[in-house]
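Breakdown of the fold
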Amino acid sequence: MDLPNKALQTSLTDNIDYPEFCLRASLDYSIFKDFRRNEIYRIALEHDSYEQGLEYLEATKKSGSNVLSNINEFLKNDQVGNPEAFDYEGIGIIAPPTLRYIKILSDLESEFGALDNLNICEIGVGYGGMCRIINSYFNVKTYTLVDLKPVLMLAQRYLDHYPLNTTLIYKTMNELHKESYDLVISNYAFTELRREIQEVYLEKIILSATKGYITYNEINPEDFNSYTKEELIKIIPQIKVNPEVGILHPKDCTLVW
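Right, let's walk through the structure included here. (Residues numbered from 1 in each chain as written. Predicted model: local features only at pLDDT ≥ 70, side-chain atom pairs only at ≥ 80, totals over all residues. Heavy atoms only, no water.)

Brief notes about helix α9 (residues 195-204)
Residues of α9 that are buried: Arg-195, Ile-197, Gln-198, Tyr-201, Leu-202 and Lys-204. As for α9, its buried residues are in contact with β3 (119-123), β4 (142-146) and α10 (229-235). (Buried < 20%, exposed > 50% of the residue type's maximum accessible area, 1.4 Å probe, protein only. Helix = DSSP H or I, 4+ residues; strand = E, 2+ residues; numbered from the N terminus. Contact = heavy atoms within 4.5 Å.)

In structure tokens:
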């Protein structure tokens, strides 16, 4: 399988080390069983601290959403991959990134209500943790996961451990057709892409989506020329900017429409 040429890097995580590790973890159980502890993987995804987890948990409690009633089901996310987890009072032992996914789920429910029977697309899927959290709470019609091929292979291996009441669709950028999804989600991934790649996603997915939730940051190299928050506000109809919690960078926020 071809892995990305560093000179053609499309995103911050498209850096050879990360997709190569995802490929190895998807194929080798001895790597897969502990993949969420691996240093390469932790730099990319599993880097939330105990304190950030507390912020996500408090935000979820204050959201007005009832998602924490499903916490026993959410805890199952951490049964695969051996993540670093902590004991949170009233919740149990859970990985901070999983608390982040739960917080995003509470945002989605607060913003959009029930997600039952929706066609959802997620740009940048990690190991599939967000997909599993959403689909353990709502009865989604279809869930399309979009990422690099090695990342999708790892996500599929992870998600195959769980029975989900939805149809999962795995696509790379160039396998996508232009479609009108009910909801598009991207947890930092879209804003960490080069502009020319962002334009593909805007054309194929984002601008035709009924609803959207993008966690936004500004940490890209200057040569990426990525879309700024101000530019996205101009081109995505009815977009609003919400503050983010557990932030790593001062310009982090969420863009919702």
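So, next bit.
A short note on the packing of helix α4 (residues 50-62) against helix α6 (residues 96-112)
Interhelical geometry of α4 versus α6 gives an angle of 20° and a closest axis separation of 8 Å. In this view, α4 runs roughly parallel relative to α6, as classed from their interaxial angle. Crossing hand, α4 versus α6: left-handed. Residues Tyr-50, Gly-53, Tyr-56, Leu-57, Ala-59 and Thr-60 of α4 touch α6, and the partners they reach there are Pro-96, Leu-99, Arg-100, Ile-102, Lys-103 and Ser-106. For the contact of α4 with α6, the residue count by class is seven nonpolar, three polar and two charged. (Axes fitted to C-alpha atoms, helices over the stretch in contact; angles between N-to-C directions. Parallel < 35°, antiparallel > 145°, perpendicular 65-115°, else oblique. Left-handed = near helix turned anticlockwise from the far one by under 90°. Nonpolar A, V, L, I, M, F, W, Y, C, P; charged D, E, K, R; others polar.)

Some points on the nonpolar core
Formed by 49 residues in total, the largest nonpolar core has its most connected members in Phe-35, Leu-108, Leu-115, Ile-120, Ile-134 and Tyr-143. The element best represented in this core is α6, accounting for seven residues. The next biggest cluster of nonpolar side chains, apart from the first, holds 24 residues, and it includes Cys-121, Leu-202, Ile-214 and Ile-239. (Core = buried A, V, L, I, M, F, W, Y, C linked by side-chain atoms within 4.5 Å.)

A look at the packing of helix α1 (residues 17-27) against helix α8 (residues 149-159)
Between α1 and α8, the shortest axis-to-axis distance is 8 Å and the interhelical angle comes to 35°. Between α1 and α8 lies a crossing whose hand is left-handed. Only Pro-150, Val-151, Met-153, Leu-154 and Arg-157 of α8 make contact with α1, whose side of the interface consists of Tyr-18, Pro-19, Cys-22, Leu-23, Ala-25, Ser-26 and Leu-27. Of the residues in the contact of α1 with α8, the class split is ten nonpolar, one polar and one charged.

So, the side chain of Glu-122
Within the secondary structure, Glu-122 sits in strand β3. The charged side chain of Glu-122 is buried without a salt bridge, its nearest counter-charge being Arg-100 at 9.5 Å. Within the structure, the side chain of Glu-122 is placed 2.6 Å from the side chain of Tyr-143, a separation counted as a polar contact. (Lys, Arg positive; Asp, Glu negative; His and termini not counted. Salt bridge = Lys/Arg side-chain N within 4 Å of Asp/Glu carboxyl O. Polar contact = N/O pair within 3.5 Å; in protein donor to acceptor, adjacent residues only side chain to side chain.)

Re empty space enclosed by the protein
This structure, assessed with the given rule, holds one cavity of 30 Å³ or more. Here the largest cavity is characterised by a volume of approximately 30 Å³. Taken together, Arg-42, Glu-46, Asp-48, Glu-84, Phe-86, Pro-96 and Pro-97 make up the full set of residues lining the largest cavity. Among the residues forming the lining of the largest cavity, the class breakdown is three nonpolar, no polar and four charged. (1 Å grid on protein atoms, 1.4 Å probe; cavity = no way out; pocket = protein on both sides within 12 Å on 5 of 7 lines; lining within 4 Å. Points joined across faces, edges and corners; volume = space filled by probe spheres on them.)

Quick look at the pairing of strand β5 (residues 167-171)
Each regular strand displays side chains that alternate between the two surfaces of the sheet. The pairing of β4 with β5 spans five bridges and is classified as parallel. Bridged to Thr-142 within β5 is Thr-167. Handedness of the β4-α8-β5 crossover: right-handed. (Pairing = 2+ DSSP bridges. Right-handed = clockwise from strand over helix to strand, strands pointing away.)

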